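Structural features, examined
As a plain string of letters, each chain reads:
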Amino acid sequence: MEMDALKITTFQAYLFWENIDKNLSNLSLRLSAIREKTDLIVLPEMFNTGFTMNVAQCAEKSDGKTMHWMLEMAQKYDCVVAGSLIIEEAGKYYNRFVWMTKDGNYIKYDKRHLFGLAKEDTIFTPGNKRIIVELNGWKICPMICYDLRFPVWSRNLNAAYDVLLYVANWPDKRSAHWRSLIPARAIENQAFVLGVNRVGHDGNEIYYSGGSMCISPAGDVVYYKPEYEDLYTFTIYKRDLEDVRRDLPFLKDMDDFNLIVR
């Protein structure tokens, strides 16, 4: 493996509605098909329940079974495991992205933009901090689903990140927006943008058609998979990022601003 390479495994999963045990069992089985060393496994938003507002049944503590499962997978595959789940903390609920390392340390990002059409904003507490994680010399900025619609929140000020990562439950009826916005985020921020979605119907009969993808800083398709459950491993290269930023030095001309988060 070249020093500037990052190997990523995405799982565009079918999710069993509000069934944590069945989802974790299915994910364990599907991930067992991994046959090559990977640096990062990325799962969809609320990968253990589907996109539900049923926090009474589906919320876990930060030391719950799903967090333990993530650690088990990180250790088994000798990599980082990432995805979002519902976490209850001090009486509040968060749609929380977790970046789990094999040594049991993890970094969290709480979804900033809560999806009002599903009343997510009435149940969950929004995050107020963007984070950057590092892996093998790559700087990665994780976000969750609806965050994709808000480019100011994801703006790559001072080239803060190399990869912008979205985990999602993005429905098929707005799939055209997904297919447009991810390439837009890649081109405007001169970064790789990775979106990992789910497939199948949820308990509200909402259909998800996948469309997980990785778009390069030049706007080229690295990976794209519609409609079907898919476990896929691919590699991105730092030199491709550096070439675009050198040949098209647009980031230096962006508007400077301070984002006030309330």
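Residues numbered from 1 in each chain as written. Predicted model: local features only at pLDDT ≥ 70, side-chain atom pairs only at ≥ 80, totals over all residues. Heavy atoms only, no water.

An unreviewed UniProt entry annotates the chain as Omega-amidase YafV originating from Parapedobacter koreensis. In the Sequence similarities (unreviewed entry) part of its UniProt record, the chain is described as follows: "Belongs to the carbon-nitrogen hydrolase superfamily. NIT1/NIT2 family." Quoted straight from UniProt, the Catalytic activity (unreviewed entry) entry for the chain says "a monoamide of a dicarboxylate + H2O = a dicarboxylate + NH4(+)". (UniProt positions renumbered as here; feature names shortened; annotations may be inferred.)

**Examining the UniProt feature "domain: CN hydrolase" (unreviewed entry) in the chain**
Following the UniProt record, the feature "domain: CN hydrolase" (unreviewed entry) maps to residues 6-238 here. A helix fraction of 23% and a strand fraction of 34% characterise residues 6-238, whose end C-alpha atoms lie 8 Å from each other. (Helix = DSSP H or I, 4+ residues; strand = E, 2+ residues; numbered from the N terminus.)

**Re the packing of aromatic side chains**
For the structure on display, the rule yields 9 aromatic pairs. Ring centres of W170 and W178 lie 5.4 Å apart, and the angle between their planes is 45°; on these two criteria the pair is classed as tilted. With a relative accessible area of 4%, W170 lands in the buried category. Ring geometry for Y232 against F234: centres 6.1 Å apart, planes inclined by 25°, an arrangement best described as stacked. Note on Y232: relative accessible area 36%, which makes it partly exposed. (Phe/Tyr/Trp six-rings, centres within 6.5 Å; stacked < 30°, edge-to-face > 60°. Buried < 20%, exposed > 50% of the residue type's maximum accessible area, 1.4 Å probe, protein only.)

**Side note on the pattern of salt bridges**
The full count for this structure, using the stated rule, is 16 salt bridges. Between K111 and E120 there is a salt bridge; the shortest N-O distance is 2.9 Å. Summarising the burial analysis for this pair, K111 and E120 share the class buried. Residues joined by salt bridges that share partners form a network here, namely E89, R96, K108 and D110. (Salt bridge = Lys/Arg side-chain N within 4 Å of Asp/Glu carboxyl O.)

**Examining the packing of helix 1 (residues 20-31) against helix 3 (residues 65-77)**
Orientation of helix 1 relative to helix 3, taken along the N-to-C sense of each, is 5°, at an axis distance of 11 Å. With respect to their mutual orientation, helix 1 and helix 3 come out roughly parallel. Each of I20, D21, L24, L27, S28 and L31 in helix 1 lies in contact with helix 3, whose residues at this interface are K65, T66, W69, M73 and Y77. The residue makeup of the contact of helix 1 with helix 3, split by class, is 7 nonpolar, 2 polar and 2 charged. (Axes fitted to C-alpha atoms, helices over the stretch in contact; angles between N-to-C directions. Parallel < 35°, antiparallel > 145°, perpendicular 65-115°, else oblique. Contact = heavy atoms within 4.5 Å. Nonpolar A, V, L, I, M, F, W, Y, C, P; charged D, E, K, R; others polar.)

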